[in-house]
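# A look at the structure
Each chain is listed here by its residues.
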Amino acid sequence: MKFLLVFDFDHTIVDENSDTWIVKCAPEKKLPNGLRNSYRPGHWTEYMGRVFVYLGDNGVKEDDMERTMTTIPFTAGMVDLLCFIGENKELFDCIIVSDSNTVFIDWILKAADFHKVFDEVFTNPAAFSSTGYLTVQNFHAHHCPKCPKNLCKREVLKEFLNKQLERGVSYTRIVYIGDGGNDLCPVMFLKKDDVAMPRQGYTLEKKIAQLAQDLSPVECSVLVWSSATDIMSYLKLLIKE
C-alpha cells in the first residue's frame, strides 16, 4: 500500500507566491509600472525572466535573493504536516508540481530541511548566469489548451505515473493538494479512488464547485482544507484504513 501526494507550492506549501515575494529585493520593494504591466496571461515565466533581469540590473545578488526567499512563511500547519510525511515515507511518495522555479523551491525546502520529504520537484528550471543574473525557462512545451504555455500539470502527473509503473510502482490512491486555477487540469485527470484537496477560498475550490453546479463534477472525491492540519488529519485516517 503506497499513496502518492502531489503538492502545488505557492499558496499551498508556502503561504505566499514565491515569484511576487522576490520583489522585496527590488529598489523600494516594488517594480516599475512598465515592467508590471508587461505580463500577458499564460506567459508568466517570460514575465519573471524580465523581473530577474531588472533585479540583476539593479545589483541584486544571489545571496540577497536567497536571504529574502528563505523568509517566506509556510502555510499554517504545513511544517507539522511535512514532518509527519517525512516520518512515514514508507507509505507516501511525495512530489511537487509548481509554476515557481527550481532555485526558489530548492532554497526554501533546504533552509527548512524539507528537501528529503519530496521524491521529485517538477517546476520551471532556473539558474544563475555567469554574470550573476537569475534566468528561468519554461518547464516543457505541451498542447493542452487549458493550461499556461510553460506547464500542464496533468501532463507532468501522467508522465510521472507512467514512469513509476515502468519501475513497478503503482499507488493505492493519489491525493492532490493545491489552490490555483492551473491545478484543475490534473484534478480532472484523477479517478474515483483519488482525492483532490483544494484550499478553502482559493481558485481551485471555486472551479471544482462550478463544475459540480454545471453537472459535470470531477470524478475524484473532494476534501477542502484551510490549514495543513486538515490534510494531516485526513492522511492519518488514510493510513489506518
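To be clear, the structure that these remarks concern was listed above.
The shown structure was predicted, so the numbers you read here are calculated from the model rather than taken from an experiment.

Now for the side chain of T45. Along the chain, T45 falls in helix α3 (residues 44–57). The contacts of T45, once residues within four sequence positions are left out, are D99, N124, V136, Q137, N138 and N150.

Moving on, we get to the pattern of salt bridges. Summed over the entire model, instances satisfying the criterion amount to 9 salt bridges. Among the salt bridges present, the one from D8 reaches K153, with a minimum N-O distance of 2.9 Å. With D8 in the loop between β1 (3–7) and α1 (18–21) and K153 in helix α7 (residues 153–166), this residue pair connects regions lying 145 residues apart in the sequence. Here D8 falls in the buried class, since its relative accessible area comes to 6%. K89 is the partner of D119 in a salt bridge, and the nearest nitrogen-oxygen pair spans 2.8 Å. With D119 in the loop between α6 (102–111) and β3 (120–124) and K89 in the loop between α5 (78–87) and β2 (92–101), the pair connects residues that are 30 residues apart, well separated along the chain. Assessed through its relative accessible area of 40%, D119 is described here as partly exposed. A single network of salt bridges, built from pairs that share partners, joins D8, K153 and D183.

Moving on, we come to the packing of aromatic side chains. Any two aromatic rings considered together are summarised by their centre-to-centre distance and by the angle between their planes. Scanning all chains against the criterion turns up 12 aromatic pairs. Judged by centre distance (5.9 Å) and plane angle (85 degrees), the ring pair of F7 and F118 falls under edge-to-face. Taken together, the positions of F7 in strand β1 and F118 in the loop between α6 and β3 put the pair 111 residues apart, joining distant regions of the chain. With respect to class, F7 is no different from F118; both count as buried. Geometrically, the ring pair formed by W44 and Y47 is tilted, given 5.1 Å between the ring centres and 50 degrees between the ring planes. In this pair, W44 and Y47 both sit in helix α3, 3 residues apart, roughly one turn of the helix.

A few words now on the side chain of D183. Looking at the element boundaries, D183 is found in the loop between β6 (173–178) and α8 (184–189). On the basis of relative accessibility, which here comes to 0%, the residue D183 falls in the buried class. Engagement of the side chain of D183 in a polar contact is seen with the side chain of K153, the distance being 2.8 Å. A distance of 2.9 Å separates a polar atom in the side chain of D183 from the backbone nitrogen of G180. Beyond its immediate stretch of four places on either side in the chain, D183 contacts D8, K153, Y176, G178 and L204.

As paired strands, β2 and β3 are joined by 4 bridges and run parallel to one another. Considered in β3, the bridge of N101 is made with N124. With respect to chirality, the unit in which β2 leads through α6 into the neighbouring parallel β3 is right-handed.

This part covers unusual backbone geometry. Phi is positive for H11, which is not a glycine, with a value near 65 degrees. The topology assignment puts H11 in the loop between β1 and α1.

Before going further, it helps to examine the sheet that holds β2. Taken together, the 6 strands give an open sheet; going across it, the order is β3-β2-β1-β6-β7-β8, and neighbouring strands pair in parallel fashion. If you trace the sheet from one side to the other, it starts and ends with β3 and β8 (221–222), each paired once. The sheet contact formed by strand β7 (residues 195–198) and β8 spans 2 bridges and is parallel. Paired with V195 across the two strands is S221, which belongs to β8. Seen against the sheet, α5 touches β1 and β2 and runs at an angle of roughly 150 degrees to β1. Contacts from α6 reach β2 and β3 within the one sheet, and its direction differs from that of β2 by about 130 degrees.

Reading the values: the criteria
Residues numbered from 1 in each chain as written. Predicted model: local features only at pLDDT ≥ 70, side-chain atom pairs only at ≥ 80, totals over all residues. Heavy atoms only, no water. Helix = DSSP H or I, 4+ residues; strand = E, 2+ residues; numbered from the N terminus. Contact = heavy atoms within 4.5 Å. Salt bridge = Lys/Arg side-chain N within 4 Å of Asp/Glu carboxyl O. Buried < 20%, exposed > 50% of the residue type's maximum accessible area, 1.4 Å probe, protein only. Phe/Tyr/Trp six-rings, centres within 6.5 Å; stacked < 30°, edge-to-face > 60°. Polar contact = N/O pair within 3.5 Å; in protein donor to acceptor, adjacent residues only side chain to side chain. Pairing = 2+ DSSP bridges. Right-handed = clockwise from strand over helix to strand, strands pointing away. Axes fitted to C-alpha atoms, helices over the stretch in contact; angles between N-to-C directions.

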